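# Summary of structural features
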Amino acid sequence: MPKSLLEQLPEIVANGRRQAEKILESLESRHRVSLQTREWVLPSKDSSATDWIQGAAREDRLAQSEQDAWVNRLIYGDNLLAMAALLAGDDNTPSLRGKVDLIYIDPPFDSKADYRTKVTLPGVELEQKPTVIEQFAYSDTWADGTASYLAMITPRLVLMRELLAETGSIYVHLDWHVAHYVKVILDDVFGKRFLRNEIVWCYNGPGSPGMRQFNRKHDTIYWYSKSETWQFNDREIRTAHSDKTLENFKAGLAGSGFVSDNYDLATEGKVPESWWNMAIAGRYPIDGVKRVGYETEKPLPLLERIIKASSSRGDLVADFNGGSGTTAAVAEKLGRRWITTDLGKPACMIMRKRLIDQSAKPFLYQAIGDYQVEAAKATLGREFRIGDLSQIVLSLYGAQPLPAEFNPQRNLGQIAGLDLGPRKSSKTLVLADSPNKLTGIATLKKAIAQRDNLLGGWDRVVVLGWNFEPSIGQDITALNDNRLEVLVIPPDLLDRLKKKGGIDKLRGQVRFSSLQYLTLHPVERTRSDDADHLAVKLRNYVLLSPEAINLDDANRQKLQAVMNQEPLALIEYWAVDPDYDGKVFRSVWQDYRGNTANDDDALRVVTHARLTVPHKAGPRRVCVRAVDVFGFEAEVVTTVAEAAQ
């Protein structure tokens with residue numbers, strides 16, 4: 001008979017610990033996970049600023065943040081890899097082992113829900129099922145049910161304990177689906193004696209007609225400390241006593257020894273009970289603050305109480321299931337430093353907009369470096385080679401590898417095409433680029449040279465890339481070569497390979513999509529005294545492959561109609577860096593759908609920005625970055641000559 005879940009628990013915990021130990025061991029080796037900074041966000045929503053002093057102040061804030069020892073972080077990627085990177089440290093930030101004061105996580109509850117992302121465009125609402133990578137964040141269904149869920153969360157809890165300071169605390173937010181099982185794991189990882197409270201968050205709401213049971217209206221939050229010395233700021237969270245308690249006190253408790261005679265009950269208040277009655281964020285605004293529209297959004301007061309109780313100003317707060325960004329938003333508001341991560345692009349976009357909306361301090365938007373390499377290690381083993389991955393990509397594209405003597409890196413393949421008559425046939429060369437580099441102009445020129453010269457030449461060449469240089473769209477346009485095609489390798493390829501159980505089962509089901517790209521009108525630059533005025537206007541946005549988005553046929557047709565009629569309506573967010581250095585994008589102005597500081601249209605971004613920045617002699621390298629409603633990114637870089645005064 002198969003083992004019950006209770007019988008599997010010891011093995012699940014042991015395997016999770018071993019997985020975490022392997023990650024910790026690898027931190028000292030060449031297999032370190034890295035974080036790549038995609039954007040340095042300096043929140044600003046107003047494009048009408050004309051005073052150069054305001055522009056200079058923004059530049060000063062950015063420069064000051066770059067010199068500070070700490071910058072808050074929003075990280076896109078698997079939180080297991082993110083925590084490994086934070087434990088390892090990098091050139092800019094030392095290891096955070098034992099440095100995090102408070103961790104709050106709101107992981108999926110194994111509810112077997114299949115959350116879908118609703119995208120509202122002008123006149124159209126689309127329903128997009130998450131990609132396989134994002135299903136990890138939004139879909140609570142795993143192959144082996146609860147056992148798989150527990151196997152997922154165990155190594156993550158082990159790494160969180162490594163990150164916690166000795167005086168630190170962790171709050172794990174769950175519900176009835178798995179709370180009891182996860183508590184057993186928490187007892188093992190943190191120790192039963194370090195359970196400080198089992199907190200019940202209860203909330204009211206309408207019932208469900210026809211239910212033959214009581215309405216489920218509470219979640220469970222387990223609070224563990226790392227040691228016997230933990231932080232608890234009781235005076236920060238005290239609540240008022242009830243009128244009845246105050247009446248009883250006046251009637252006879254004073255002088256009874258129950259409390260001291262000089263204790264002012266009304267002024268001091270009391271530490272809250274371990275049950276918290278707070279409205280749920282998903283139903284209606286709380287204290288005038290509207291919800292951000294996320295499926296599992298939690299209310300601000302809930303996080304305010306936790307963060308006030310278990311951290312102080314300047315402390316570091318982390319949330320490795322960021323979701324709607326409530327933890328980061330509250331930490332920012334209360335003067336704490338923060339890190340938040342999520343594996344879903346929609347969640348990261350919501351968090352980025354939310355932090356900009358509340359005028360947060362400058363923060364980094366980062367991504368897991370070499371995600372595909374890490375996924376390949378998990379799928380193919382730690383000893384895999386890049387050539388192994390290239391061979392898989394070529395095979396799934398339908399290409400046969402070239403002979404070894406002409407293909408030392410094992411990244412070239414060939415496709416025999418149509419028969420064009422006697423002694424003629426179409427031949428295609430295929431190059432699968434490495435996942436640990438950005439595909440750019442150098443790779444494209446090399447591919448063209450190989451097409452023209454290798455083995456007597458080829459009719460066309462296809463370049464398959466994982467990650468791309470920001471200027472790739474411009475580079476392809478400048479080359480103007482109709483015998484060159486550049487396609488995107490699906491970022492979830494290895495996840496799908498692992499789920500399907502092999503290449504043969506996946507063959508014929510993988511789509512390699514075209515690149516999306518952004519175009520601008522010529523950027524206008526004028527000068528007045530010590531200020532430069534830049535006028536930036538979007539021209540067009542092209543999403544070349546709607547088939548790469550996880551939509552059914554009806555939703556794909558709706559999307560195609562919007563693409564044809566109003567392509568700029570697909571842009572969710574765009575930002576401007578007036579002095580791009582080619583490495584780190586420093587966003588000094590942004591607009592996004594829902595921002596009404598620039599216009600009153602919640603479904604469209606403004607298509608132009610006017611920036612006033614301190615004068616700079618010589619040309620300016622202006623970079624514009626856009627993210628569409630599906631999370632795809634595009635950039636365009638243009639050099640703008642100095643304007644005559």
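Okay, so let's go over this structure. No experiment lies behind these values; they were computed from the predicted model shown.

## What to know about the overall build of the chain
- In terms of helices and strands, the chain carries 19 helices and 29 strands.
- A buried classification covers 52% of the 645 residues belonging to the chain.
- Long-range pairs, those at least 24 residues apart, make up 71% of the contacts in the chain between residues at least 6 apart in sequence.
- Accessible area of the chain: about 30,200 Å², with a carbon and sulfur share of 49%.

## Details of the environment of methionine 152
- When you line up the elements, methionine 152 lands in helix H5 (residues 146-163).
- When its relative accessible area of 11% is taken as the criterion, methionine 152 is described as buried.
- Measuring from C-alpha to C-alpha, the distance between methionine 152 and glycine 16 comes to 7.7 Å, with 136 residues separating the pair along the chain.

## Side note on H5
- If you check H5, its first and last C-alpha atoms are 26 Å apart, about what 18 residues at 1.5 Å a residue would give, namely 26 Å.
- In terms of residue burial, H5 counts as a mostly covered element, since 15 of its 18 residues are buried.

## Structural notes on the packing of helix H1 (residues 5-26) against H5
- Contact geometry of H1 with H5 gives a least axis separation of 8 Å together with a crossing angle of 40°. With respect to each other, H1 and H5 are oriented oblique. Handedness of the H1/H5 crossing: right-handed. Taking contact as the criterion, the partners of Leu5, Gln8, Leu9, Ile12, Val13, Gly16, Arg17, Gln19, Ala20, Ile23 and Leu24 in H1 are, on H5, Thr146, Ala147, Leu150, Ala151, Thr154, Pro155, Val158, Leu159 and Glu162.
- Residue classes in the contact of H1 with H5 are distributed as 13 nonpolar, 5 polar and 2 charged.

## Side note on empty space enclosed by the protein
- With the rule as written, the count across this model stands at 2 cavities of 30 Å³ or more.
- Of the voids in this model, the second largest cavity is the one considered here, and its volume is about 70 Å³.
- Residue lining of the second largest cavity: Arg38, Tyr76, Lys345, Cys348, Met349, Arg352, Tyr365, Val627, Gly631 and Glu633, and that is the complete set.
- It is helix H12 (residues 345-357) that provides the largest number of residues to the lining of the second largest cavity, a total of 4 residues.

## Quick look at the sheet that holds strand S24 (residues 571-577)
- Taken in spatial order, the 4 strands line up as S26-S24-S28-S29 in an open sheet, and their pairing is antiparallel. The outermost strands of the open sheet, each flanked by one partner alone, are strand S26 (589-592) and strand S29 (633-640). Strand-to-strand twist of the sheet, defined as the mean angle between neighbouring strand axes without regard to direction, takes the value 15°.
- Pairing geometry for S24 and strand S28 (residues 620-628), over 6 bridges, is antiparallel. When the sheet's bridge partners are listed, aspartate 577 is paired in S28 with cysteine 623.
- Taken strand by strand, H12 contacts S24, S26 and S28, and its axis lies near 55° from that of S24.

## Things to note about the packing of aromatic side chains
- Scanning all chains against the criterion turns up 8 aromatic pairs.
- Pairing tryptophan 338 with phenylalanine 363 gives two aromatic rings, centres 5.7 Å apart and planes at 50°, and the pair type is tilted. In this pair, tryptophan 338 sits in strand S11 (residues 337-342) while phenylalanine 363 sits in strand S12 (residues 363-369), placing the two residues 25 residues apart along the sequence. Neither residue differs from the other here; tryptophan 338 and phenylalanine 363 are each classed as buried.
- Judged by centre distance (6.3 Å) and plane angle (55°), the rings of tyrosine 580 and phenylalanine 585 are tilted.
- For tyrosine 580, a relative accessible area of 7% gives the class buried.
- Here phenylalanine 585 falls in the buried class, since its relative accessible area comes to 0%.
- Joined through ring pairs, the aromatic side chains of Tyr171, Trp223 and Phe232 make up one cluster.
- Stacked on the ring of tryptophan 70, the Lys or Arg arginine 337 has its end atom at 5.3 Å from the ring centre.

What counts and what doesn't
- Residues numbered from 1 in each chain as written.
- Predicted model: local features only at pLDDT ≥ 70, side-chain atom pairs only at ≥ 80, totals over all residues.
- Heavy atoms only, no water.
- Helix = DSSP H or I, 4+ residues; strand = E, 2+ residues; numbered from the N terminus.
- Buried < 20%, exposed > 50% of the residue type's maximum accessible area, 1.4 Å probe, protein only.
- Contact = heavy atoms within 4.5 Å.
- Areas by Shrake-Rupley, 256 points an atom, 1.4 Å probe, with all protein chains shown as cover.
- Expected span 1.5 Å × (residues − 1).
- Axes fitted to C-alpha atoms, helices over the stretch in contact; angles between N-to-C directions.
- Parallel < 35°, antiparallel > 145°, perpendicular 65-115°, else oblique.
- Left-handed = near helix turned anticlockwise from the far one by under 90°.
- Nonpolar A, V, L, I, M, F, W, Y, C, P; charged D, E, K, R; others polar.
- 1 Å grid on protein atoms, 1.4 Å probe; cavity = no way out; pocket = protein on both sides within 12 Å on 5 of 7 lines; lining within 4 Å.
- Points joined across faces, edges and corners; volume = space filled by probe spheres on them.
- Pairing = 2+ DSSP bridges.
- Phe/Tyr/Trp six-rings, centres within 6.5 Å; stacked < 30°, edge-to-face > 60°.
- Lys NZ or Arg CZ within 6 Å of the ring centre and 35° of its normal.

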